[in-house]
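# A look at the structure
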Amino acid sequence: MDRYARWNTLLEILASDGRITVEEAAARMHVSQATIRRDFDQLTQQQMITRTRGGAVANGVSYDLPLRYKSAKRIDEKHRIGEAAAALVGPGMVVGLNGGTTTTEVARSLATRPELVTQSGTTPLTIVTNALNIANEMIVRPHVKVVVVGGVVRPQSYELIGPLAAPILREITLDVVFLGVDAIDVRLGAAAHHEGEAAINALMAARARRIVIIADGSKIGGHAFARICPIEKVHTLVTDTSVAREVTDEFETAGVTVVRV
């Protein structure tokens, strides 16, 4: 287990249990106590945890961990989902992307598809995003036009949120929007834990001709605080094969095209 994987695990334990000792952490991750002490010290320097005698306690850590600590989770599934979602995009389209590890995989797949590279004088692929990390990766691609909406940065997801994004989004139309979500349920729709993210995602969805939800199996059937859109608005769900067929059948009965990869 590398350093970032250990950090991710430690933060999730603290988010769930509130505290952990050096001995417990070392035993759970099969590393030395000296390694765990270094991890605790480095996470404390980043204001992520609070060191105690013999261990650590949560320091404002919640279920919503910063994006850089989520990237190692279900990476194979997210990569497959990203490739399958990117395959739905054609040359010259205007594509919306919100923040998150799965949408980042979509952006990376779009950036490496040679058939999306347009010739001089033709309409380029346009990416509209509120995620700074995605904009940073895409801006170096000469065949991609990047539009970044305004707002206040939310460090956990690198997303811009708040009312400053609305004026830009109200003036544009998206061919398709790919939305990473914290949960999607046939009855409750797509949702996010943070109401600010949900509000921007909902506005992006309202400006799109086609709404595609990208979510690994851990998000399917789950619940989250703030709704993005009802299931009736979702055209396609791209997920992985860990989702039971009877569950995806429910989505298809509700009118959603399901892609399992």
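Everything in this summary refers to the structure shown in the same document. All values reported here derive from a predicted model rather than from experimental measurement.

## What about the pairing of strand S3 (residues 55-58)?
Taken together, the three bridges between strand S1 (residues 19-21) and S3 define a ladder with antiparallel strand orientation. Bridge assignment links Ile 20 to a residue of S3, and that residue is Ala 56. Both strand S2 (residues 49-52) and S3 contribute to a ladder of four bridges, which runs antiparallel. The residue bridging Thr 50 from the neighbouring strand is Val 57, located in S3.

## Focus on the packing of helix H1 (residues 3-17) against helix H3 (residues 33-45)
Helix-helix packing is characterised by the crossing angle of the two axes and by the distance between the axes. Running from N to C, H1 and H3 point in directions that differ by 75°, and their axes come no closer than 11 Å. Taken together, H1 and H3 sit at an angle that is classed as roughly perpendicular. Contact residues: Arg 3, Arg 6, Trp 7 and Leu 10 in H1; Thr 35, Asp 39, Phe 40, Gln 42 and Leu 43 in H3. Taken together, the residues of the contact of H1 with H3 sort by class into four nonpolar, two polar and three charged.

## What about the sheet that holds strand S10 (residues 183-185)?
Spatially, three strands are ordered S10-S11-S13 in an open sheet, and the strand pairing comes out antiparallel. Looking along the sheet, the strands with just one partner apiece sit at the ends: S10 and strand S13 (226-229). With direction set aside, neighbouring strand axes in the sheet form an average angle of 35°. Bridging between S10 and strand S11 (residues 189-192) involves three bridges; their strand directions are antiparallel. If you follow Ile 184 over to S11, its bridge partner there is Ala 190. The strands touched by helix H9 (residues 195-206) are S11 and S13; relative to S13, the strand with the most contacts, the crossing angle is about 10°.

## Focus on the sheet that holds S1
Strand pairing in a sheet takes place through backbone hydrogen bonds and is either antiparallel or parallel in direction. Overall, antiparallel pairing links the three strands, which are arranged S1-S3-S2 in an open sheet. Both outer strands of the open sheet, S1 and S2, are each paired with one neighbouring strand and no more. Direction aside, the axes of adjacent strands within the sheet are offset by 20° on average. Across the sheet, H1 lies against S1, S2 and S3, angled at about 125° from S1, the strand it touches most. The strands that H3 touches are S1, S2 and S3; relative to S2, the one it contacts most, it runs at about 130°.

## Quick word on unusual backbone geometry
We note that His 30 has phi near 55°; this positive angle belongs to a residue other than glycine. Turning to its location among the elements, His 30 is positioned in the loop between helix H2 (22-29) and H3. Given a relative accessible area of 73%, His 30 falls into the exposed group. Its identity as a non-glycine residue notwithstanding, Tyr 158 has a phi of 65°, on the positive side. Mapped onto the secondary structure, Tyr 158 falls in the loop between strand S7 (152-154) and strand S8 (159-161). For Tyr 158, a relative accessible area of 26% gives the class partly exposed.

## Details of the packing of H1 against H2
Between H1 and H2, whose axes approach to 11 Å, the crossing angle comes to 125°. When the interaxial angle is binned, H1 and H2 end up oblique. Between H1 and H2 lies a crossing whose hand is right-handed. Counting all contacts with H1, which are made through Arg 6, Thr 9, Leu 10, Ile 13 and Asp 17, the residues of H2 involved are Ala 25, Arg 28 and Met 29. Split into classes, the residues belonging to the contact of H1 with H2 amount to four nonpolar, one polar and three charged.

Quick notes on the rules
- Residues numbered from 1 in each chain as written.
- Predicted model: local features only at pLDDT ≥ 70, side-chain atom pairs only at ≥ 80, totals over all residues.
- Heavy atoms only, no water.
- Pairing = 2+ DSSP bridges.
- Helix = DSSP H or I, 4+ residues; strand = E, 2+ residues; numbered from the N terminus.
- Axes fitted to C-alpha atoms, helices over the stretch in contact; angles between N-to-C directions.
- Parallel < 35°, antiparallel > 145°, perpendicular 65-115°, else oblique.
- Contact = heavy atoms within 4.5 Å.
- Nonpolar A, V, L, I, M, F, W, Y, C, P; charged D, E, K, R; others polar.
- Buried < 20%, exposed > 50% of the residue type's maximum accessible area, 1.4 Å probe, protein only.
- Left-handed = near helix turned anticlockwise from the far one by under 90°.

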